[in-house]
Amino acid sequence: VEASIPEPLREAWRKHSATKFTTKHEFEREFVRHIETTLARSLYNCDELAAYSGAALAFRDRLIIEWNRTQQRQTFSDQKRVYYLSLEFLMGRALDNAMLNVGMKDVARDGLADLGFRIEDAISQEHDAALGNGGLGRLAACFLDSMATLNYPAWGYGLRYRYGIFKQEIVNGYQMEIPDYWLDNNPWEFPRHDITVDIQFYGHVTKYQDENGKTCHSWEAGETVQAVAYDVPIPGYHTKTTNNLRLWSSKASSGEFDFQKFNAGDYESAVADQQIAETISAVLYPNDNLERGKELRLKQQYFWCAASLYDIVRRFKKTKRAWSEFPDQVAIQLNDTHPTLAIVELQRILIDVEGLEWDEAWSIVTGTFGYTNHTVLPEALEKWSVPLMQNLLPRHLQIIYDINLFFLQSVEKRFPNDRDMLSRVSIIEESHPKMVRMAYIAIIGSHKVNGVAELHSDLIKTTIFKDFVTIYGPDRFTNVTNGITPRRWLHQANPELSALIAEKLGGYDFLTDLTLLDRLEVFVDDKKFRREWADIKAKNKLRLARLIKDVTGYSVNPNSLFDVQVKRIHEYKRQQLNIFGVIHRYLSLKAMTPEERKKVVPRVSIFGGKAAPGYWMAKSIIYLINSVAAVVNKDDEIGDLLKVIFIEDYNVSKAEIICPASDISEHISTAGTEASGTSNMKFVLNGGLIIGTCDGANIEITREIGEQNIFLFGNLAEDVEDLRHRHFYGSFQLDPQLKRVFDAIKEGTFGDPSSFTSLISSIEEHGDYYLVSDDFNSYIATHDMVDQEFQNQEEWLAKSITSVARMGFFSMDRVTNEYADIIWNIEPLDIADEA
Ligand code: 7GP
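Everything quoted here is computed from the prediction, not taken from an experiment.

## With respect to the overall build of the chain
Okay, step 1: Each helix and strand counted, the chain has 34 helices and 24 strands in total.
Okay, step 2: In summary, the chain has a C-alpha radius of gyration of 28 Å against a globular reference of 28 Å for 835 residues, a match within 12%.
Okay, step 3: Taken over the C-alpha atoms alone, the chain extends approximately 95 × 75 × 60 Å along its principal axes.
Okay, step 4: The contacts in the chain between residues at least 6 apart in sequence include a share of 77% that link residues at least 24 apart.
Okay, step 5: Put simply, the chain shows about 33,800 Å² of open surface, and 51% of that area lies on carbon and sulfur atoms.
Okay, step 6: Charge separation in the chain, taken as the distance between the mean sites of 91 positive and 119 negative side-chain charges, equals 2 Å.

What follows is the structure, encoded as structure tokens:
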């Protein structure tokens with residue numbers, strides 16, 4: 001408030017207030033000004049990267065003007081806000097998105113052309129913001145787009161990693177990881193050196209009595225690290241709302257510089273200590289669906305939770321409301337269990353700092369938080385060792401023990417004499433060392449827990465969180481099926497299809513109400529429309545063929561059937577099933593007569609995805625794919641009938657080229673393992689058909705688009721446990737077609753077979769946990785159907801169009817509105833009411 005300009009002087013401010021460019025001419029002026037002043041370059045010295053920067057800075061100015069207005073409006077309205085806490089935001093590129101969302105891409109295209117640049121060349125200079133691993137991180141990014149588009153007062157909170165997910169290079173068929181330093185040349189963040197929070201670690205807790213004789217706790221000493229805010233503007237599509245993503249960066253605390261060491265002449269080690277503080281936000285952990293329990297990761301989690309909570313509480317306190325109103329003003333959503341410490345931290349602030357009683361504080365906490373679970377895989381469920389937590393966060397561990405005590409007391413009252421129940425639901429696992437089960441804190445400390453697709457939400461209620469349904473009743477648990485933002489995943493990734501749809505529907509309203517797509521269905525039989533639809537797919541396949549040529553050197557025939565599987569490499573996602581299927585296809589082709597080969601549909605099998613650096617099995621799957629590619633792609637007898645492609649360094653910007661270019665894509669996880677999947681939605685929305693198991697959102701996609709429009713195969717989730725059991729206690733029978741594939745590998749057809757022993761033995765000898773053999777036969781048979789149906793292009797087109805028309809349900813806007821209704825109890829900020 002002290003920093004605010006007194007009313008009599010404000011007129012001068014208003015007169016000079018920044019304005020947004022609206023014409024091509026004004027855009028050009030802004031562009032040139034930034035090139036010449038911000039970048040200190042000129043028309044003699046402007047390459048494509050500078051052109052990107054100039055355009056980005058011009059758009060950034062627009063965004064920040066709207067950002068400022070949005071923040072003022074939201075503060076003034078004093079409505080409830082939602083805070084989305086996520087350790088990952090997989091944003092991808094920002095410039096194209098900003099241009100489209102503010103509706104100025106055509107202006108920029110013309111302006112850049114006047115100044116000597118193709119807009120595509122400028123856009124493609126941008127480095128992806130890759131602060132995430134996979135689905136969970138991309139979902140967070142889709143949330144931000146949608147919340148801004150729907151005018152929700154919403155903030156994202158995350159970490160500003162210096163290194164995002166590593167860059168993947170394929171060397172001799174193997175994955176190599178290269179650090180991705182992405183912050184040079186990033187115009188999209190605004191450092192807020194005035195917004196800092198000191199974060200404590202280690203130390204000890206002392207008990208004392210306050211003046212009323214009440215026992216209090218104070219957490220003392222230890223080490224302090226400073227959190228500095230960096231703000232990233234998030235523009236909504238065709239709206240005045242530009243929300244904020246606040247990312248915290250770690251830095252040595254100003255008071256922390258060790259003057260004792262300094263005075264003792266140990267300047268170097270004092271500086272080294274500073275650098276240690278900066279390592280907290282240095283790097284994103286590159287694991288998807290896997291937790292490794294590293295101390296630095298726990299430090300990251302607390303650092304980010306504590307800084308965010310401090311910020312949220314500070315904002316609330318400015319309103320001078322009573323604490324009991326906190327849950328009416330603040331909703332906090334936990335993107336998986338990574339931010340679970342926020343629950344404990346809020347309880348700590350309320351009781352230790354603000355002096356509230358335990359029960360009052362706890363009801364505020366549970367009224368505030370919601371928890372989204374993204375996986376049932378046991379190896380991904382977070383647990384932290386008690387000794388580690390005791391050392392790093394001694395007061396938080398005490399509070400966790402108290403939460404547990406009160407919880408177990410209430411359980412015991414309702415289920416007396418059920419010792420097993422108590423040990424099953426205890427936050428503390430009685431192992432050596434003892435472990436803190438983070439998901440249990442998240443459930444106990446939230447008012448709603450949700451899964452991300454119907455099957456997944458059922459599974460968490462009947463398996464991993466079963467006891468909590470018994471304890472709390474079914475109402476604490478709900479489902480919100482995932483979605484994707486149609487702005488990036490249709491309009492931006494596939495501008496021609498978006499334009500064709502707009503032409504048919506009389507405008508772009510479908511981008512903000514995706515259910516309008518259903519009006520496309522009447523055009524299914526329209527010949528001209530079908531041709532245009534097919535031409536766009538063909539162009540998109542050409543675009544992908546060019547990318548493939550660029551990154552792999554292989555030329556592929558764009559008339560082939562493009563069969564795509566892009567996602568993180570994981571045994572449960574079963575890229576091994578896919579590549580074994582490819583080998584089977586290769587062997588079948590080799591066994592055919594030339595006459596028989598003439599009837600075969602040429603196919604390109606396209607893979608992409610990163611393996612966690614320490615995940616050997618995933619890395620050997622990548623190696624097998626590349627080894628098969630090396631043999632198949634140079635087999636002249638086979639030629640175009642089969643090509644195998646691994647696109648290195650799969651990321652968001654590559655996904656934007658890949659998703660519009662598939663004929664078929666693969667979503668083939670072992671039933672019950674993929675919580676939802678979201679690339680399945682991206683491919684269908686872009687007119688590709690899919691082959692998939694009855695898993696995650698595939699099931700609801702089938703419900704929406706109709707089972708005649710999807711290729712489903714494989715065992716059902718309800719049969720998985722039984723099959724696994726039989727693998728161990730019955731006799732394991734390897735599928736005969738898969739056996740032929742294994743024989744070929746063992747004979748050395750794809751190079752030294754010893755590289756693939758563990759991959760094969762996990763199936764042949766170690767119980768085939770992911771049911772590759774059980775599903776192989778139906779997988780192959782279903783691919784045969786795909787080939788057959790692809791030959792009837794008219795039918796195929798009809799399926800493609802019908803499917804797109806029925807995809808309205810999977811808009812992220814539907815998802816966001818459901819969270820707002822069921823979990824956050826929050827309203828959009830009505831722009832008409834603006835101050
Ligand atoms: C993913 C799930 O694997 C995927 O099925 C889902 O669509 C996505 O979340 C969004 O809900 N989970 C992760 O990426 C992940 O790492 C462990 O989960 C925390």
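## Quick notes on the domain arrangement of the chain
Okay, step 1: Looking at the assigned domains, one finds that the chain contains domain 1 (19-77 + 96-127), domain 2 (78-93 + 128-481 + 821-833) and domain 3 (560-804).
Okay, step 2: Between domain 2 and domain 3, the contact holds 38 residues from the first and 38 residues from the second.
Okay, step 3: Taken together, both faces of the contact between domain 2 and domain 3 bury some 2,800 Å²; the carbon and sulfur share is 56%.
Okay, step 4: Sorting the residues of domain 2 by area buried against domain 3 places Gln168, Gln175 and Leu455 first, and these three jointly supply 19% of that buried surface.
Okay, step 5: Taken together, the connections running from domain 2 to domain 3 amount to 2 salt bridges.
Okay, step 6: Between glutamate 454 and arginine 703 there is a salt bridge; the shortest N-O distance is 3.2 Å.
Okay, step 7: Where domain 2 meets domain 3, there are 15 residue pairs in polar contact (both at pLDDT 80 or more).
Okay, step 8: Those elements that place two or more of their residues in the side of domain 2 that touches domain 3 are β2 (89-92), α7 (135-149), β5 (167-171), β6 (174-178) and α18 (454-462).
Okay, step 9: Looking at side-chain class alone, the side of domain 2 that touches domain 3 contains 14 nonpolar, 14 polar and 10 charged residues.

## Points about the sheet that holds strand β16 (residues 435-437)
Okay, step 1: Across the sheet, which stays open at both edges, the 3 strands sit in the order β14-β16-β15 with antiparallel pairing between neighbours. For this open sheet the edge positions go to β14 (383-385) and β15 (428-429), each flanked by a neighbour on one side alone.
Okay, step 2: Two elements, β14 and β16, share 3 bridges in a ladder whose sense is antiparallel. Counted as the bridge partner of tryptophan 384 is valine 436 from β16.

## Side note on the environment of glutamate 794
Okay, step 1: Mapped onto the secondary structure, glutamate 794 falls in helix α33 (residues 793-805).
Okay, step 2: Its relative accessible area of 31% is what places glutamate 794 among the partly exposed residues.
Okay, step 3: Considering only alpha carbons, one finds glutamate 794 and aspartate 525, 269 residues apart in sequence, at a separation of 9.4 Å.
Okay, step 4: Excluding residues within four positions of it along the chain, glutamate 794 makes contact with Arg530 and Arg531.

## A short note on the confidence of the model for the chain
Caution applies to low-pLDDT parts of the model: their predicted coordinates are not meant to be read in detail.
Okay, step 1: Mean pLDDT over the chain stands at 96; residues scoring 70 or higher make up 98%.
Okay, step 2: Element-level pLDDT for the chain is lowest in helix α8 (residues 259-263), with a mean of 67, against a maximum mean of 99 in strand β1 (residues 81-85).

## Here we look at the packing of helix α10 (residues 295-318) against helix α12 (residues 341-353)
Okay, step 1: Interhelical geometry of α10 versus α12 gives an angle of 50 degrees and a closest axis separation of 9 Å. Judged by the angle between their axes, α10 and α12 are oblique. The crossing of α10 and α12 is right-handed. Residue-level contacts link Leu298, Gln301, Tyr302, Cys305, Ala306, Leu309 and Val313 of α10 to Leu341, Ala342, Glu345, Leu346, Arg348 and Ile349 of α12.

## Some thoughts on α7
Okay, step 1: Here α7 contains 15 residues, and its C-alpha end-to-end distance of 21 Å stays within 8% of the 21 Å for a straight helix at 1.5 Å per residue.
Okay, step 2: Positioned one or two residues after α7, asparagine 151 has a phi angle of 65 degrees, which is positive.

## Details of the site of the ligand
Okay, step 1: Every one of the 16 residues lining the ligand counts as a neighbour, but His374, Asn482, Glu674, Ser676 and Gly677 are closest to it.
Okay, step 2: Between an oxygen atom of the ligand and a side-chain N or O atom of tyrosine 572, the distance comes to 3.1 Å.
Okay, step 3: One of the side-chain nitrogen or oxygen atoms of glutamate 674 is found 2.6 Å away from an oxygen atom of the ligand.
Okay, step 4: Within the complex, 96% of the 450 Å² of free accessible area of the ligand lies under protein.
Okay, step 5: Assessed atom by atom at 2 Å from the grid points, the ligand resides in the largest cavity.
Okay, step 6: Residues from two domains meet in the shell around the ligand; each of domain 2 (78-93 + 128-481 + 821-833) and domain 3 (560-804) gives at least three.

## With respect to the layout of surface pockets
Okay, step 1: Approximately 1,900 Å³ is the volume attributed to the largest pocket.
Okay, step 2: Surrounding the largest pocket, 42 residues form its lining, Trp67, Asn68, Gln71, Gln72 and Thr75 being those nearest its centre.
Okay, step 3: Looking at the lining of the largest pocket, the elements with two or more residues in it are α1 (7-16), α3 (48-77), β1, β7 (190-201) and α10.
Okay, step 4: Considering each element in turn, the lining of the largest pocket owes the most residues, 9 residues, to α3.
Okay, step 5: Of the residues contributing to the lining of the largest pocket, the split by class is 17 nonpolar, 11 polar and 14 charged.
Okay, step 6: The residues that make up the lining of the largest pocket include at least three from each of domain 1 (19-77 + 96-127) and domain 2 (78-93 + 128-481 + 821-833).
Okay, step 7: In this model, the second largest pocket occupies a volume close to 1,500 Å³.
Okay, step 8: Every residue lining the second largest pocket is counted, 48 residues in all, and those nearest its centre are Arg93, Asp96, Ile123, Arg543 and Ile657.

## Comments concerning the pairing of strand β12 (residues 330-335)
Okay, step 1: Of all 6 residues making up β12, 6 are buried, and the element is well covered by its neighbours.
Okay, step 2: Covered by surrounding structure in β12 are Val330, Ile332 and Leu334 together with Ala331, Gln333 and Asn335, the residues of both alternating faces.
Okay, step 3: Sheet topology note: the β1/β12 ladder contains 5 bridges and is parallel. Across the sheet, residue leucine 85 finds its bridge partner in β12, namely leucine 334.
Okay, step 4: Pairing analysis gives 4 bridges linking β12 to strand β13 (residues 369-372), with the strands arranged parallel. Bridging from a neighbouring strand, glutamine 333 pairs with glycine 370 of β13.

Conventions used here
- Residues numbered from 1 in each chain as written.
- Predicted model: local features only at pLDDT ≥ 70, side-chain atom pairs only at ≥ 80, totals over all residues.
- Heavy atoms only, no water.
- Helix = DSSP H or I, 4+ residues; strand = E, 2+ residues; numbered from the N terminus.
- Rg over C-alpha atoms; globule rule 2.2 N^0.38 Å.
- Contact = heavy atoms within 4.5 Å.
- Areas by Shrake-Rupley, 256 points an atom, 1.4 Å probe, with all protein chains shown as cover.
- Lys, Arg positive; Asp, Glu negative; His and termini not counted.
- Charge placed at Lys NZ, Arg CZ, Asp CG, Glu CD.
- Domains from an automatic or database assignment.
- Buried area = accessible area lost by both parts, 1.4 Å probe.
- Salt bridge = Lys/Arg side-chain N within 4 Å of Asp/Glu carboxyl O.
- Polar contact = N/O pair within 3.5 Å; in protein donor to acceptor, adjacent residues only side chain to side chain.
- Nonpolar A, V, L, I, M, F, W, Y, C, P; charged D, E, K, R; others polar.
- Pairing = 2+ DSSP bridges.
- Buried < 20%, exposed > 50% of the residue type's maximum accessible area, 1.4 Å probe, protein only.
- pLDDT = per-residue confidence, 0-100.
- Axes fitted to C-alpha atoms, helices over the stretch in contact; angles between N-to-C directions.
- Parallel < 35°, antiparallel > 145°, perpendicular 65-115°, else oblique.
- Left-handed = near helix turned anticlockwise from the far one by under 90°.
- Expected span 1.5 Å × (residues − 1).
- Near = heavy atom within 4 Å.
- 1 Å grid on protein atoms, 1.4 Å probe; cavity = no way out; pocket = protein on both sides within 12 Å on 5 of 7 lines; lining within 4 Å.
- Sits in = over half its atoms within 2 Å of the grid points.
- Points joined across faces, edges and corners; volume = space filled by probe spheres on them.

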